[in-house]
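# Descriptive structure summary
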Amino acid sequence: IFVPTVVTLAVLTFFVSWFVTGALTFSLVSAVSVLVIACPCSLGLATPTAIMVGTGQGARAGILFRNADALEHAEKLKTIIVDKTGTLTQGKPTVSDVKPARGIEATQLLAVAYALEKDSEHPLARAIVEHATKLGITAQPVTGFEAVPGMGVRAELEGQQVYLGSPRFLAESASLIAEDAVVEQLEQEGKTVIGVAQAQQFLGYIALSDQLRADAVATVAALQKAGIKVVMLTGDNERAARVVAQQVGVDAYVAGVLPSHKAEGVQHYRQEGGLVGMVGDGINDAPALAAADVGFAIGAGSDIALDTADIVLMKSDLTSVLDAISLSRATLSKIRQNLFFAFIYNILGLPLAALGLLNPIVAGAAMAMSSVSVVSNSLLLNRWKPLARK
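Throughout what follows, the structure given in this document is the object of discussion. No experiment lies behind these values; they were computed from the predicted model shown. (Residues numbered from 1 in each chain as written. Predicted model: local features only at pLDDT ≥ 70, side-chain atom pairs only at ≥ 80, totals over all residues. Heavy atoms only, no water.)

Here we come to the packing of helix α3 (residues 41–60) against helix α16 (residues 360–379). Packed helices, taken two at a time, are described by their axes: the angle between them and the distance between them. Where α3 meets α16, the axes come as close as 8 Å, and the angle between the chain directions of the two elements is 10 degrees. One element, α3, and the other, α16, form an angle in the roughly parallel class. For the pair α3 and α16, the sense of crossing is right-handed. Here C41, S42, L45, A46, T49, A50 and V53 of α3 come into contact with α16, specifically with M367, S370, S371, V374, V375, S378 and L379. In terms of residue class, the contact of α3 with α16 is made up of nine nonpolar, five polar and no charged. (Axes fitted to C-alpha atoms, helices over the stretch in contact; angles between N-to-C directions. Helix = DSSP H or I, 4+ residues; strand = E, 2+ residues; numbered from the N terminus. Parallel < 35°, antiparallel > 145°, perpendicular 65-115°, else oblique. Left-handed = near helix turned anticlockwise from the far one by under 90°. Contact = heavy atoms within 4.5 Å. Nonpolar A, V, L, I, M, F, W, Y, C, P; charged D, E, K, R; others polar.)

Rendered as structure tokens:
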């Protein structure tokens, strides 16, 4: 649209001037002035220069934007969905309670749990393995291992079927429901409860606790102050999720969400209007990170989460989410300012050039100044600082 319009205007300028003045040289100079002042160099520089400086500043702050769309969309987010474990919490759970069933030794309970979890990379599994190792417990080999995402694992140990997972998993897989009062008490303390069973015998529960990130409460409050709704999605139990949600102050939370359903949660909140962001760190979060308009991956998270996300937060802290949104807003502001500088010279100069009141030399200088203005304005983004350095 731009090029044909300018060329047409230059041709009309030439013929109208020649018809009015009869001066060929004057008419030709006027047409050339129109072409020179309208040269779209600054228009072509307006967006890429700002994006280059913005992404560079992000990299210095430990925020890696995979594409320009992520940088653009981050400022428009209306809802941000966060995972609990490893995102709002430190992702380093520890065993807080070991509750063996009546007639069962704690070492027997931990030995079975250790055997099932010894090769897992899940944070809860690593916590159980570390705890059992410290107590000098050894793990027996298992066969026929099977993992049920978001629920638990099962395998065969010394010829007997063994199970480990949520109380719901034990009820569905092994038809075992035991000591609900114990589960309720532990979950009300915000702990994650894992049950263990062997050969249809309930062995007991292992409770794990995970500390909140130091910046979780402040980050959620800052996002809400910026007009962004914060929602927590977690596969953890309802009681533990409620405790964390109240501590952090999120606008809403959904507990017991299976990994395959997290992406559906993103779609649900997108239907409410506005762009949706997702912050996560684990394999279970990858589908939701891919489904979100902007996916934020905690740098210490799994490889698949890092590969799926649009923005990688290398510092592994939640304040980097705020920094990414702040940088996005600053960059888009510069792009709009650059577009102003790109067009203002054309808007002011084109009528003067068409009337023969603008010398081609002056038009060339004005065109160059528009490019200098755009580049200089983009470089002002170097003054942006992340929250930790402000």
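Ranked by size, the top nonpolar core spans 37 residues in total, and within it V112, L116, I128, L164, V196, I206 and L208 carry the most contacts. Listed by contribution, the elements that provide at least two residues to this core are α6 (106–117), α7 (123–134), β5 (152–157), β6 (160–165), α8 (167–173), α9 (180–188), β7 (192–198) and β8 (201–209). Tallying contributions element by element places α6 first for this core, with seven residues. (Core = buried A, V, L, I, M, F, W, Y, C linked by side-chain atoms within 4.5 Å. Buried < 20%, exposed > 50% of the residue type's maximum accessible area, 1.4 Å probe, protein only.)

Before going further, it helps to examine helix α11 (residues 238–248). Because each turn of an α-helix spans 3.6 residues, side chains separated by three or four positions end up pointing in the same direction. Residues of α11 that are buried: A240, A241, V243, V244, A245 and V248. The inward-facing, buried residues of α11 abut α5 (84–88), α9, α10 (216–225), β9 (229–233) and β10 (252–254).

We now examine the sheet that holds β5. Reading across the sheet, the six strands line up as β3-β8-β7-β6-β5-β4 and stay open at both edges, with antiparallel pairing between neighbours. Two strands in the sheet have a free side with no partner beyond their single neighbour: β3 (94–100) and β4 (143–148). Put simply, the sheet's adjacent strands are angled 15 degrees from each other on average, direction ignored. In this structure, β4 lies alongside β5, joined through four bridges in antiparallel fashion. (Pairing = 2+ DSSP bridges.)

It is worth spelling out the sheet that holds strand β1 (residues 63–65) at this point. Backbone-to-backbone hydrogen bonds join strands into a sheet, with any given pair of strands oriented parallel or antiparallel. Across the sheet, which stays open at both edges, the seven strands sit in the order β1-β13-β12-β11-β2-β9-β10 with mixed pairing between neighbours. Two strands lie at the open edges of the sheet, namely β1 and β10, each paired on one side alone. Each adjacent strand pair in this sheet contributes to an overall mean axis angle of 20 degrees, direction not counted. Packed on one face of the sheet, α11 meets β9 and β10 and runs near 160 degrees to β10.

Further remarks concern the pairing of β7. The element β7 is largely enclosed, with a buried count of seven among its seven residues. Of the two faces of β7, the one holding T192, I194, V196 and Q198 and the one holding V193, G195 and A197 are both buried throughout. Pairing between β6 and β7: four bridges, direction antiparallel. Note on β7: the bridge partner recorded for Y163 is A197. The pairing of β7 with β8 spans seven bridges and is antiparallel. Counted as the bridge partner of V193 is A207 from β8. Counted along the chain from β7 to the antiparallel partner β8, the turn is two residues long, and its residue A199 has a positive phi close to 50 degrees.

Our focus in this paragraph is a nonpolar patch on the surface. On the surface, V3, V7, V11, F15, W18, L24 and L35 cluster together into a nonpolar patch covering about 650 Å² of accessible area. For the nonpolar patch, the elements supplying multiple residues, two or more each, are α1 (2–21) and α2 (24–37). Top contributing element to the nonpolar patch by residue count: α1, with five residues. Here V3 is to be found in helix α1. (Patch = residues over 30% accessible without salt bridge, like charges linked within 9 Å, V, L, I, M, F, W, Y side chains within 5 Å. Areas by Shrake-Rupley, 256 points an atom, 1.4 Å probe, with all protein chains shown as cover. Salt bridge = Lys/Arg side-chain N within 4 Å of Asp/Glu carboxyl O.)

Between its first and last C-alpha, α3 extends 29 Å over 20 residues, near the 28 Å set by a 1.5 Å rise per residue. Bending of α3 peaks at approximately 25 degrees at the position of T47, with proline P48 no more than four residues after it. Where the residues of α3 are buried, they touch β1, α15 (319–354) and α16. Where α3 ends, the next residue or the one after it, G62, has phi of about 80 degrees, a positive value. (Expected span 1.5 Å × (residues − 1). Bend = angle between axes of the 7 residues up to and from the residue.)

By themselves, these observations are geometric and do not establish any function.
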